[in-house]
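# Coordinates in review
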Amino acid sequence: MSSPIPKQNLPWWLYLKMLPSPKNLRNHPDLILEAVEQALVRARDLESLHAFVTLLDERAHRQTAAVRDGLRRGEPLPLAGWLLAVKDNIAIQDVRLTCASKILENFTSRFTATAVERLEAAGAIVIGKTNLDEFAMGSSSENTIFGAVRNPVAPDRVAGGSSGGSAVAVAADIVHGSLGSDTGGSVRLPASFCGVCGLKPTYGRVSRYGLVAYGSSLDQIGAFAHTSQGLFDLLRVMAGRDARDSSSAHEPPPDSRNQFSAIKHSLRIGIPEEYYAHGLSADVETAVRSMISKLERHGHSIVSVSLPHTKYAIPVYYILATAEASSHLARFDGARYGFRSEQATELTDVYELTRGEGFGLEVQRRIMMGTFVLSAGYFDAYYRKAQQVRRRLLEDFSRAFSKVDVLLTPTSPTTTFRLGEKLDDPLTMYLSDVLTVPANLAGIPALSVPIGNDSQGLPIGLQIIGPHFAETMILQLGTEVEGLRDGVSS
Amino acid sequence: MTYELVIGLEIHAQLLTDTKAFCRCPNRYGEPPNTLTCPTCLGMPGALPVLNRNVVEQSALLALALNATIHPHSKFDRKNYFYPDLPKGYQISQFDEPFSSGGWQDVEGEWGMKRIRITRAHIEEDAGKSLHQDDGSTVVDMNRCGVPLVEIVTEPDFRSESEAAAFITAVRELLRYIRVCDGNMERGSLRCDVNISVRPLGQTALNERTEIKNLNSIRAVERGILCERERQIRIYESGGQVIRETLLWDEATEEIRPMRRKEGADDYRYFPEPDLVELTVSPEEIERYRDGLPELPNVRRKRYREQLHLHEEAVAVLSGDREQGDYFEALLRLGVDARTAAGWMQGEVRRALTSENRDMADFPLAPSALAELIQAVERSTISISVAKDVFRKMLTDGRSARAIIEAENLSQVSDESELRLIVERVLAENPDELAKYKSGKRNLMSFFMGQAMKATRGRANPNRLAELLQELLDTP
């Protein structure tokens, strides 16, 4: 299984030694320890990418021994051989959980997230926690106390956000897969910018227990891997009802690996015109349209559809997500754990100084926005209205899915931008999510698959959106897209 | 000018579930601080709430007992505010779609019977406890965080402090009756906030109200209301205006003082709790809860009065205390006459409970055991005074009435020939008294009764004995 990043595009300082595939390692359990060692070394060698914030040498060694013993005992361990990284807003017991924020810089979690628990129980080994935009708020992975994440394809550019570190950990071949969280595109955008596959599952498909909330009604744990097949392998293990998360769905996990193969029948593929509007870069549009035509020649039918409320997605998202965030983040007040301002003496000071010093500017901006839209006198005009429009957006998708099986769009209107380029312009930064946010608002699954590079050699992502719980179908189509892409490039 | 009081109440009742509302921590009072906590009730990052279904069951019983309508769909909301004993920075509560609404509860008093309308009863979680130390610092105990509460909100239907007190008493009785709250105001498992305003008698519009918190007993509620009534009247009399504010009752000084709070701090920014799904209760579930509801105190009271014709004191005790009432009902089912049963409950049973300082729930005798004893009296096997002795013995050694009566040979002597022999002996042994009787001292009858009883160690059937004595004394 080859990396989708053409090797000639790797910067000179990237370590070239490839990680053996999970299958390879599973068949040679004695090699797992060496692979883990290499991954840790590689993560340190590539420290300047700022992908990792915590490396778990000792824990990974313990896990490795357990996996090796398990395999010897004949346990199934479907993910034995997988090396993983986990975004640092997902809890692992006795491991620090920073959310890339000063306010949690020295906080250690007392429990492990359900998704991580399930992956590890299936034999996967977590080697470290990855960098992100503080509390997952951002589209570039630059809002972090650990230094901006850099894109391995072009180190002067952003990795995309907010799960930038997890995207880079896979793109730079440090690990086979990684976990991110996607509230408005935080898995798909960095996947697209870094040239890897990234999946945001259906809302409720993967338990949120252990994911530090940004916008609970939108948050979903997602994953990165080099291939759609890899994402399917991870999803099968992570998905399914968890009694610790009330919003987790009763839908059973997707079927076994054996049944996963390229799609045999033809699909009706919808092209939502609103996603091909102004602001879309010519290179991106060309690449996406060329893939669409390949799919059509491959037997699928292409249908033009309309999602008329798309233009409201960004404002609706920034009202709802910030409203929820302003409440979730209230717990970080310096009273019980985490950072507390040393200047604070009075109770109100503890709150004001701790939160003023502990949160970064973007987080403070979103808390203020969210507090405002929930305030007496503004609630109806903002929050309630946004909820109404959210329902309209969902209806748009329901109508579209009555005509087509999936929707194809670019993941992002542009390829990766330069570090610092949009940092002082939050509105432009927010627009990076314009094509990914609607799937979160509707709670439906969406996948980003790399389909090539622009004229500067920067990766372009294709977004495949499906109806609720149609992960298997969109990942199958993703596999087909990968085949068409590699067939052409070879 | 004459003023009229207008009062509405908000009552918080802690439910008696085994675990907290949204996590599996035990719901217990009096444990060492911060020992009943977990990531969820401590608001640790990444932890999520999951509704304890027992909370729904107990809330449903309460809503039904208050004659309220349970809504098939309700939702949870977040009430946002900062305080050190509120670890998440918000309280999970219900705002615009409460669990139940539109109930009522009748209260009795010198005003007769009055129906108090209940606006709503909704589910929420309790906060932790801030403990202010002697050195001026404050520490927090999170054991109470996440304990389930039902908040009962009334319409402003009370016109006096006594009506309010009677309502709280009735609700407390109800809560204990259906076993969803222990009703302990001192410990705070039942808390009451009072909304109060005054207006000139005859005015229909409501004046501005204030809210009094920290009322830890029914007496405090009454005192607080009277105190605030005077304060508001003084303000109006001096031409001022009452402003809406929250006041605290100070138990030590019996004074109210304004709660120190920041201006504009009470915008709670309610919005739907995204970590919980909608709360649904099916019609079948509601029916099941309704079937599980016992006969309620008001209904029982009416029945005891109108059908069983018990006297008021017995009505009050047997309808007010579920355990005593149920015990009484069990005696009735075993065939004991209602007034006799009430007499035992009011007499020996109550004395036994008081002297041992016990609740009815811990009373050691099964209703059938007591019924056996009562029936022995009714069948004249033993006299009432012997029965009281047997009752005390049953309590101490646990034997049945029958076993005690047989082992100690206590059954009454009703046998005509045996009693006749005894009476003849008594008369023979007391010739002087007999002579006096014959000469007209008729009140010596009781002397002979006493002697005969003594001779039988109290076992003689008093009616038969009296008949025989009369017969033999009057024989010329």
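The rules behind these values
Residues numbered from 1 in each chain as written. Chains lettered and ligands numbered in written order. Predicted model: local features only at pLDDT ≥ 70, side-chain atom pairs only at ≥ 80, totals over all residues. Heavy atoms only, no water. Domains from an automatic or database assignment. Contact = heavy atoms within 4.5 Å. Buried area = accessible area lost by both parts, 1.4 Å probe. Salt bridge = Lys/Arg side-chain N within 4 Å of Asp/Glu carboxyl O. Polar contact = N/O pair within 3.5 Å; in protein donor to acceptor, adjacent residues only side chain to side chain. Helix = DSSP H or I, 4+ residues; strand = E, 2+ residues; numbered from the N terminus. Nonpolar A, V, L, I, M, F, W, Y, C, P; charged D, E, K, R; others polar. Pairing = 2+ DSSP bridges. Axes fitted to C-alpha atoms, helices over the stretch in contact; angles between N-to-C directions.

What follows deals with the domain arrangement of chain B. Residue and element names in this part refer to chain B. When its domains are assigned, chain B resolves into domain 1 (3–286), domain 2 (294–407) and domain 3 (416–473). Computed from C-alpha coordinates alone, the two centres of domain 1 and domain 2 are separated by 37 Å. Taken together, the contact between domain 1 and domain 2 spans nine residues of the former and 15 residues of the latter. In total, domain 1 and domain 2 occlude about 950 Å² of area from one another, counting both sides; carbon and sulfur atoms represent 46% of this. Summed over the shared surface of domain 1 and domain 2, the number is four salt bridges. With a shortest N-O distance of 3.5 Å, Glu108 and Arg305 are connected by a salt bridge. Counting every contact that joins domain 1 to domain 2 gives five residue pairs in polar contact (both at pLDDT 80 or more). Of all elements in the fold, only β6 (100–109) and α2 (161–177) reach the threshold of two or more residues within the side of domain 1 that touches domain 2. Looking at the side of domain 1 that touches domain 2 residue by residue, the classes come out as four nonpolar, one polar and four charged.

The next thing to look at is the interface of chain A and chain B. Each partner contributes to the interface: chain A provides 40 residues, whereas chain B provides 33 residues. Here chain A packs against chain B, burying approximately 2,900 Å² in sum over the two surfaces, 59% of which is carbon and sulfur. The interface formed by chain A and chain B contains one salt bridge. The partner of Asp275(B) in a salt bridge is Arg208(A), with the nearest N and O atoms 3.1 Å apart. Across the chain A-chain B interface, the total number found is 15 residue pairs in polar contact (both at pLDDT 80 or more). The residue inventory of the side of chain A that touches chain B, partitioned by class, reads 19 nonpolar, eleven polar and ten charged.

Before going further, it helps to examine the sheet that holds strand β11 (residues 459–465) of chain A. In any sheet, the strands associate via hydrogen bonds between backbone groups, in a parallel or an antiparallel arrangement. Residue and element names in this part refer to chain A. Pairing is mixed across the open sheet formed by eleven strands, whose spatial order is β1-β3-β2-β4-β6-β5-β10-β11-β9-β7-β8. Strands at the two margins of the open sheet, each flanked by one partner only, are β1 (52–55) and β8 (301–305). The mean inter-strand angle of the sheet, taken between neighbouring strand axes irrespective of direction, is 30°. Across the sheet, helix α5 (residues 164–171) is in contact with β1, β2 (83–87), β3 (125–130), β4 (177–181) and β6 (221–225); its angle to β4 comes to roughly 165°. Strand contacts of helix α12 (residues 380–403): β7 (268–272), β9 (406–410) and β11, with the helix running at about 115° to β9, the strand carrying the most contacts.

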